[in-house]
Amino acid sequence: FQLYGYCYQDSNDIPDTLTTITELGSPLEMIQLLQTSWEDRFRICLSLVRLLHYLAHSPLGSVTLLDFRPRQFVIVDGELKVTDLDDASIEESSCTSNSDCFMEFPARNFTLPCSVEGRCQNMNEKRNLYNAYRFFFTYLLPHSAPSSLRPLLDKIVNATGNHNKHGNAECFLFYPSPSVNSEFTQKRVKSANTKYRRVPEAFIPDENYRCWPSYHHKGCLLSVFDVNEAIEICDSYSQCKAFVLTNQTTWTGRQLVFFKMASNHIVPDPYKITYVKVTD
């Protein structure tokens, strides 16, 4: 989380009070997140994994968030950031045997090995990772994921939930990202038989209809890899009679497209291209 400033001051009740000034973020609402596109939810999970990786390898050592819940995080520019570090700890639990390294969660329990130094191995990292799995990954990743990525995502989500040998932050951080770029960002579809008339430098300001998931709450704004994918999407909606390619892209590089239910009113726009369905 970006720290813009801080100051120390003494108060009557609490000496050495620290006040911090941090960047402003949006509260995390899980129900609202489930209504966003899978791209955005993957970006949130990826930013969370970067945080997990940093906490596991911070300059202070491995850091655990003892109060690891959604209310401790905010969304800033589409990425997840932690806001409350009051319950952060760098203490690794001491032990004399493996039974001392018992971690209990509502759904399942784990026992970690006790090192020769008398510390539970990677307990801070494993605690963070499992909490990320049960509060975030299990909800945000599988839901409406691209079919080509589902086997990979299932494997990674199961690894984080089972604490097997691949269940660490590096697994998620370095494994899925290239696959998303190749399998999702570069998704190709079959060309449809429906014909469309291309109208360059044009936009349809009205004629909106709602679809899910959409980047626009009053219209149908989706991301596509190319024109062929936009045609396939338009053909899949009975009310879609035209679509408009914008010059905006998502964080993965996919182009944003407005889908319209008519093309009665077209206006000039140098940054957009309109495609109108040709009827017999």
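Residues numbered from 1 in each chain as written. Predicted model: local features only at pLDDT ≥ 70, side-chain atom pairs only at ≥ 80, totals over all residues. Heavy atoms only, no water.

Draft legend 1. Representation of the overall build of the protein chain in the model. When helices and strands are tallied, the protein chain shows 7 helices and 14 strands. The buried share of the protein chain, taken over its 280 residues, is 44%. For the protein chain, contacts bridging at least 24 residues in sequence account for 64% of all contacts bridging at least 6. Total accessible area on the protein chain is roughly 15800 Å²; 49% of this is exposed by carbon and sulfur atoms. (Helix = DSSP H or I, 4+ residues; strand = E, 2+ residues; numbered from the N terminus. Buried < 20%, exposed > 50% of the residue type's maximum accessible area, 1.4 Å probe, protein only. Contact = heavy atoms within 4.5 Å. Areas by Shrake-Rupley, 256 points an atom, 1.4 Å probe, with all protein chains shown as cover.)

Draft legend 2. Spotlight on the packing of helix 2 (residues 38-56) against helix 3 (residues 123-140). Running from N to C, helix 2 and helix 3 cross one another at 175 degrees; their axes reach a closest spacing of 11 Å. Taken together, the axis directions place helix 2 and helix 3 in an arrangement best described as roughly antiparallel. Residues W38, R41, I44, C45, L48, V49, L52, L55 and A56 of helix 2 form the contact with helix 3, whose own contacting residues are E125, N128, L129, A132, F136, F137 and L140. Its residues assigned to classes, the contact of helix 2 with helix 3 comprises 13 nonpolar, 1 polar and 2 charged. (Axes fitted to C-alpha atoms, helices over the stretch in contact; angles between N-to-C directions. Parallel < 35°, antiparallel > 145°, perpendicular 65-115°, else oblique. Nonpolar A, V, L, I, M, F, W, Y, C, P; charged D, E, K, R; others polar.)

Draft legend 3. Local environment of the pattern of salt bridges. Applying the stated criterion to the full structure yields 7 salt bridges. Between R254 and E39 there is a salt bridge whose closest N-O contact spans 3.8 Å. Taken together, the positions of R254 in the loop between strand 12 (242-249) and strand 13 (255-260) and E39 in helix 2 put the pair 215 residues apart, joining distant regions of the chain. The burial state of R254 is the same as that of E39; both residues are buried. One network of salt bridges, with partners in common, ties together E39, E229 and R254. (Salt bridge = Lys/Arg side-chain N within 4 Å of Asp/Glu carboxyl O.)

Draft legend 4. The packing of aromatic side chains, seen in detail. Enumeration according to the criterion identifies 14 aromatic pairs in this entry. With centroids separated by 5.4 Å and ring planes inclined at 40 degrees, the aromatic side chains of Y130 and Y133 adopt a geometry described as tilted. Placement of both Y130 and Y133 in helix 3 is noted, with a separation of 3 residues, approximately one turn of the helix. In this structure Y130 comes out as buried when scored by relative accessible area, which is 3%. Members of the aromatic cluster, connected to one another through ring pairs, are F105, F110, Y130 and Y133. The ring of F258 carries the charged tip of K260 above its face, separated from the ring centre by 5.0 Å. Over the aromatic face of F203 sits the side chain of K272, whose NZ or CZ is 5.1 Å from the ring centroid. (Phe/Tyr/Trp six-rings, centres within 6.5 Å; stacked < 30°, edge-to-face > 60°. Lys NZ or Arg CZ within 6 Å of the ring centre and 35° of its normal.)

Draft legend 5. Inspection of the nonpolar core at higher detail. Core analysis: the biggest nonpolar cluster contains 44 residues, and L48, F68, F73, L80, F136, F137 and L141 have the highest contact counts within it. Sorting the residues of this core by element identifies helix 1 (30-34), helix 2, strand 5 (73-76), strand 6 (79-82), helix 3 and helix 4 (150-162) as the ones contributing at least two each. Among the elements that line this core, the one with the most residues is helix 2, at 10 residues. Listed in part, the 16 residues of the second largest apolar core include C211, L222, F243 and L245. (Core = buried A, V, L, I, M, F, W, Y, C linked by side-chain atoms within 4.5 Å.)

Draft legend 6. Up close: the pairing of strand 13. Across the 6 residues that make up strand 13, a large majority, 5, are buried. Where strand 12 and strand 13 come together, 5 bridges link them in antiparallel fashion. Each residue of the ladder has a partner; that of F243, found in strand 13, is F259. Linking two consecutive strands that pair antiparallel, namely strand 12 and strand 13, is a turn of 5 residues; a positive phi of about 95 degrees is found at G253 within it. (Pairing = 2+ DSSP bridges.)

Draft legend 7. How the structure looks around the packing of helix 3 against helix 4. Contact geometry of helix 3 with helix 4 gives a least axis separation of 8 Å together with a crossing angle of 130 degrees. Between helix 3 and helix 4, the interaxial angle falls into the category oblique. Helix 4 is crossed by helix 3, and the crossing has left-handed handedness. The residues of helix 4 that touch helix 3, namely those facing L129, Y130, Y133 and F137, are V157, T160 and G161. Across the contact of helix 3 with helix 4, the residue classes break down as 5 nonpolar, 2 polar and no charged. (Left-handed = near helix turned anticlockwise from the far one by under 90°.)

Draft legend 8. Main features of the sheet that holds strand 11 (residues 220-224). With antiparallel pairing, 5 strands are arranged side by side in an open sheet as 10-14-12-13-11. Two strands bound the open sheet, and with one partner strand each, they are strand 10 (196-203) and strand 11. Each neighbouring strand pair of the sheet contributes to a mean axis angle of 30 degrees, computed without reference to strand direction. Strand direction decides the pairing type here: strand 10 and strand 14 (residues 267-277), joined by 7 bridges, are antiparallel. Within strand 14, the residue paired with A202 across the bridge is P268. Helix-sheet contacts for helix 7 (residues 227-236) involve strand 10, strand 11, strand 12, strand 13 and strand 14, and the interaxial angle to strand 12 is about 135 degrees.

Geometric values such as these leave the question of function open.
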